Amino acid sequence: MSPSAAPTTDVNAACACWPLTGKPLEAGNASRRPLVVKVDNVPVARPHYGITQADIVVEEIVEGYVTRLAAIYQSNDPSAIGGVRSARLADRSLTTMVRGALVYSGTSDYAWSLISQDAASGRYVELSADHSDGYYRVPFRIAPYNMFTTAQAQRDTLARLNATTVSVPSWPFLAAGTHDTTTGGMVGAIPALSLAIPYREDTSAVRYDYDAATHTYARWQNSNGKPVRDVDAANNTPVAATNVVVIQTEIWEVDEIVDASGAHAHDMRLTGSGRAIVFRDGLRQEATWSRKDDGVPFTFTSASGEQIKLDPGQTWVHIIPTEWVVSSK
């Protein structure tokens, strides 16, 4: 079930670490197939369940310019993940990138025609609730925001498919422990203790506040136009990202996919190169992202040509249009 793209150089080959967090592997299995779970992100679908246990979370713009999350799980397996929603075109590239299993609840006919071809060709495994087990409805939310799953249920399905392990390309991380904040491509970075990503002001605008004591970014997201601290309802733990990465690229409407309100879905360019911003250790570094094809991770390079490495921990990735301005202070 591994994708046909060219193999990726493992930048963490000398480290017995999880490839998507850079944290010590200990007794874990670095070849465990990641789960790429589509999680709803409209206010009525919050708080999320299981989001703090994701290795990487990617926030994508969808129809109506609200956002949806692709939560990627490899090093941790939450006992509850929700609410699970439908897949989008960008998930094809993201799931291929981590050799993952796409966990979702349906999609459009147009997207399904492409996702099913991807799965048949071995780019990734797809586990839609339309035809796969392991999903359930919770009584405390209204449909369609009440579909949940567990990581174990999805891994049980992968076991039946004989698709539990795969070679997972590593993201670039610093070694665990203390380090000079300018190391790993951050020379020339400027202080940024707060940053804002200008999603829809009423439902989706995001702010992160850096906490120097924990070296993490507290996440806030708007609901009814006001910021609300993001907390994982499964464990009552506030969301605290170790790294925040912004990828700017072309995003366009897809004529073939229209929702009930008449809003078009979006697709986006996720290979090639473009502008990026990396927030790490309370610093902002302007960068370039590059990616030769869907089968490799993003690479981030500073203006001086140095590869930017991330701190070990959870990374939030925001894919936004090229013309948007990400403010920080």
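Attention here is on the structure that accompanies the text. Keep in mind it's a predicted model, so treat the numbers as computed, not measured.

On to the environment of Thr52, then. For Thr52, the location among the structural elements is in the loop between strand 1 (35-40) and strand 2 (56-61). For Thr52 and Ile308, which are 256 residues apart along the polypeptide, the C-alpha to C-alpha distance reads 24 Å. Once you skip the residues sitting within four places of it in the chain, Thr52 turns out to touch Asp232, Asn235, Thr237, Pro238, Val239 and Gln314. Side chain to side chain, Thr52 and Asp232 meet in a polar contact 2.7 Å long.

What follows is about the side chain of Thr67. Topologically, Thr67 is positioned in strand 3 (residues 67-73). Within the structure, the side chain of Thr67 is placed 2.7 Å from the side chain of Asn41, a separation counted as a polar contact. Separated by 2.6 Å, the side chains of Thr67 and Glu59 make a polar contact. Apart from the residues within four sequence positions on either side, Thr67 is in contact with Asn41, Val42, Glu59, Glu60, Ile61, Val62, Tyr199, Ser204 and Gln221.

Turning our attention to the packing of aromatic side chains. With the rule as written, the count across this model stands at 10 aromatic pairs. Judged by centre distance (5.9 Å) and plane angle (80 degrees), the ring pair of Phe140 and Phe148 falls under edge-to-face. Phe148 gets classed as buried once you look at its relative accessible area, which sits at 1%. Measuring from ring centre to ring centre gives 5.6 Å for Trp289 and Phe298, while their planes differ by 75 degrees; the resulting arrangement is edge-to-face. Look at Trp289 and you get buried, because its relative accessible area is 0%. With a relative accessible area of 2%, Phe298 lands in the buried category. Following the ring pairs from residue to residue traces out a cluster consisting of Tyr49, Tyr136, Phe140 and Phe148. Residue placement shows Arg207 over the ring face of Trp220; its charged tip is 4.8 Å from the ring centre. Taking the ring centre of Phe298 as reference, the NZ or CZ of Arg291 above it sits at 4.8 Å.

The topology assignment puts Thr150 in the loop between strand 8 (147-149) and helix 3 (151-160). A relative accessible area of 18% places Thr150 in the buried class. For the pair Thr150 and Tyr136, spaced 14 residues apart in sequence, the C-alpha to C-alpha distance is 9.1 Å. Here Thr150 is in contact with Pro78, Ser79, Gly134 and Tyr136, once residues within four sequence places are set aside.

Here we take up helix 2 (residues 109-120). Taking 1.5 Å per residue, 12 residues should reach 16 Å; helix 2 reaches 16 Å between its end C-alpha atoms and fits that length. Taken together, the buried positions of helix 2 are Ala111, Ile115 and Asp118. An end-on view of helix 2 places all buried positions within 55 degrees of arc, on one side of the element. Along helix 2, exposed side chains directed more than 90 degrees from the buried face belong to Asp109, Gln117 and Ala120. Packed against the buried residues of helix 2 are helix 1 (90-97), strand 5 (101-104), strand 6 (125-128) and strand 18 (251-258).

Here is what the cut-offs are and how they apply
- Residues numbered from 1 in each chain as written.
- Predicted model: local features only at pLDDT ≥ 70, side-chain atom pairs only at ≥ 80, totals over all residues.
- Heavy atoms only, no water.
- Helix = DSSP H or I, 4+ residues; strand = E, 2+ residues; numbered from the N terminus.
- Contact = heavy atoms within 4.5 Å.
- Polar contact = N/O pair within 3.5 Å; in protein donor to acceptor, adjacent residues only side chain to side chain.
- Phe/Tyr/Trp six-rings, centres within 6.5 Å; stacked < 30°, edge-to-face > 60°.
- Buried < 20%, exposed > 50% of the residue type's maximum accessible area, 1.4 Å probe, protein only.
- Lys NZ or Arg CZ within 6 Å of the ring centre and 35° of its normal.
- Expected span 1.5 Å × (residues − 1).
- Arc of directions from axis to C-beta.

Structural measurements only, silent on function.
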